[in-house]
Amino acid sequence: MSTRESHIEDTGIHLSEATAGDFFALLKPRVMALAVFTAFVGLMVAPVMMNPVIAVIAISAIAVGAGAAGALNMWYDADIDALMSRTAKRPVPSGRVRPGEALGFGLVLSALSVITLGVLVGWLAASLLAFTIFFYVVIYTMWLKRSTPQNIVIGGAAGALPPVIGWAAATGAVGIESLILFLIIFLWTPPHFWALALFKVGDYAAAGIPMMPNVAGEASTRKQIFVYSLVLAPIGVLPWPFGFASLYFGIASAALGAGFIWQAWKVLAAPGQEMRPAKTLFAYSILYLFAIFAMLLADTIATRALVSAGG
């Protein structure tokens, strides 16, 4: 051992062995990507055209804020993440990142994202971003997740707020249109995560997390998934009758909603130990949400292009 290494050990100073990739993994990039995409759609469908530079700053700040929330979630949940096969290899439970590093990383990024969004874009959007981080970390992660089977229902509000933040960044207000986008994601979240919980029920049981299948049973969970799909499908069409999407979007979103109901019905009708329909619904739910927002974005761009060409 070198003199320098011995001195570092003697003084109790520990150098981080985490790589840049480990810290990037703390951001939950898949979840962050969904938040960024829905926030971008909220920003783009708003009736106010933002300066492109300011728009990039807004989306970047929202991305950093979403990643910060993910890092803080991984810091707090390291104990239960270590018990589940799906999460055991995350940076903190695997030991690649120390808990204190994850906490500091998340707090610094949270402050940076909110201040940047507030100073350079607008304080309403920044306040919504701060509330989203707080809700996800404190209300959902620290409280709801470990205390109630309704954790994902109430906690889903955090994941549903990015399009509202994007809309607020563009307009400085919260419109009914952005609340419809919020509602789509909010109602999508329970059937999406309960489908996952059905075929990962053992993981959640081992970690002591009261997900719906572990508390109410698989049969009740399948029924609730189907009920939520019946409510979600017509809500997904609402951008058309509310005037910020075309009839083409309405038809396509209705077809996607019918597909969601069909997949949920197959989950409901499946034998108790058959998990393939739940896995299929989980995959379809991801496709559904991405397609709804992608079609809304494409519809908005096409409509504006037609208006511009005609005027």
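Residues numbered from 1 in each chain as written. Predicted model: local features only at pLDDT ≥ 70, side-chain atom pairs only at ≥ 80, totals over all residues. Heavy atoms only, no water.

(A) Expanded view of the overall build of the chain. A count of helical and extended segments in the chain gives 15 helices and zero strands. What you see for the chain is a C-alpha radius of gyration of 21 Å, in line with the 19 Å of a compact globule of 311 residues. With the C-alpha coordinates of the chain rotated into their principal frame, the extents come out at 75 × 55 × 25 Å. Out of the 311 residues belonging to the chain, those deemed buried represent 49%. Here the analysis covers contacts within the chain between residues at least 6 apart in sequence; of these, 73% occur between residues at least 24 apart. As presented, the chain carries roughly 14200 Å² of accessible surface, and 70% of it is formed by carbon and sulfur atoms. Both charge centroids of the chain, one from 17 positive and one from 14 negative side chains, sit 10 Å from each other. (Helix = DSSP H or I, 4+ residues; strand = E, 2+ residues; numbered from the N terminus. Rg over C-alpha atoms; globule rule 2.2 N^0.38 Å. Buried < 20%, exposed > 50% of the residue type's maximum accessible area, 1.4 Å probe, protein only. Contact = heavy atoms within 4.5 Å. Areas by Shrake-Rupley, 256 points an atom, 1.4 Å probe, with all protein chains shown as cover. Lys, Arg positive; Asp, Glu negative; His and termini not counted. Charge placed at Lys NZ, Arg CZ, Asp CG, Glu CD.)

(B) Expanded view of the confidence of the model for the chain. Summarising the model, the chain shows a mean pLDDT of 92, and 95% of its residues fall at 70 or more. Mean pLDDT across the elements of the chain bottoms out in helix H1 (residues 3–10) (40) and peaks in helix H9 (residues 162–171) (98). Confidence drops under pLDDT 50 across residues 1–11; counting only partners more than four residues distant or on other chains, this segment forms five contacts. (pLDDT = per-residue confidence, 0-100.)

(C) Quick peek at helix H6 (residues 99–120). The end-to-end C-alpha distance of H6 is 32 Å, a good match for the 32 Å that 22 residues give at a rise of 1.5 Å each. Those residues of H6 lying buried are Glu 101, Ala 102, Gly 106, Leu 109, Ser 110, Ser 113, Val 114, Leu 117 and Gly 118. (Expected span 1.5 Å × (residues − 1).)

(D) Molecular detail of the pattern of salt bridges. Per the stated rule, a full pass over the model turns up eight salt bridges. Its salt-bridge partner being Asp 77, residue Arg 146 comes within 3.0 Å of it at the nearest N-O pair. Residue Arg 146 is located in helix H7 (residues 123–147), and its partner Asp 77 is located in the loop between helix H4 (52–76) and helix H5 (78–81); the two are separated by 69 residues in the primary sequence. For Arg 146, a relative accessible area of 30% puts it in the partly exposed group. The salt bridge involving Arg 90 is made with Asp 81; its shortest N-O contact spans 3.2 Å. Classification of Asp 81 by relative accessible area gives buried; the value is 1%. When salt bridges with common partners are traced through the structure, they connect Asp 77, Asp 79, Lys 145 and Arg 146 into a single cluster. (Salt bridge = Lys/Arg side-chain N within 4 Å of Asp/Glu carboxyl O.)

(E) Quick look at the packing of aromatic side chains. Applying the stated criterion across every chain yields a total of eleven aromatic pairs. Residues Phe 260 and Tyr 288 carry aromatic rings whose centres are separated by 5.3 Å and whose planes lie at 75° to one another, so their mutual orientation is edge-to-face. Here Phe 260, found in helix H14 (residues 247–269), pairs with Tyr 288, found in helix H15 (residues 276–310); they are 28 residues apart in sequence, far enough to count as distant. Assigned by exposure class, Phe 260 and Tyr 288 land together as buried. Taken together, the aromatic side chains of Phe 260, Tyr 284 and Tyr 288 make up a single cluster linked through ring pairs. (Phe/Tyr/Trp six-rings, centres within 6.5 Å; stacked < 30°, edge-to-face > 60°.)

(F) The arrangement of the packing of helix H3 (residues 29–45) against H9 in detail. Following both chains from N to C, one finds H3 and H9 inclined at 40°, their axes separated by 7 Å at the closest point. Between H3 and H9 the crossing geometry is right-handed. The residues of H9 that touch H3, namely those facing Ala 35, Thr 38, Ala 39, Gly 42, Leu 43 and Val 45, are Pro 162, Pro 163, Gly 166, Trp 167 and Ala 170. Across the contact of H3 with H9, the residue classes break down as eight nonpolar, three polar and no charged. (Axes fitted to C-alpha atoms, helices over the stretch in contact; angles between N-to-C directions. Left-handed = near helix turned anticlockwise from the far one by under 90°. Nonpolar A, V, L, I, M, F, W, Y, C, P; charged D, E, K, R; others polar.)

(G) Structural context of the side chain of Asp 299. Along the polypeptide, Asp 299 turns up in helix H15. Here Asp 299 occupies a buried position and makes no salt bridge, while the nearest side chain of opposite charge, Arg 304, is found at 9.4 Å. Of the polar contacts made by the side chain of Asp 299, one reaches the side chain of Ser 246; its length is 2.4 Å. With near-sequence residues (within four places) excluded, Asp 299 lies in contact with Ala 245, Ser 246 and Phe 249. (Polar contact = N/O pair within 3.5 Å; in protein donor to acceptor, adjacent residues only side chain to side chain.)

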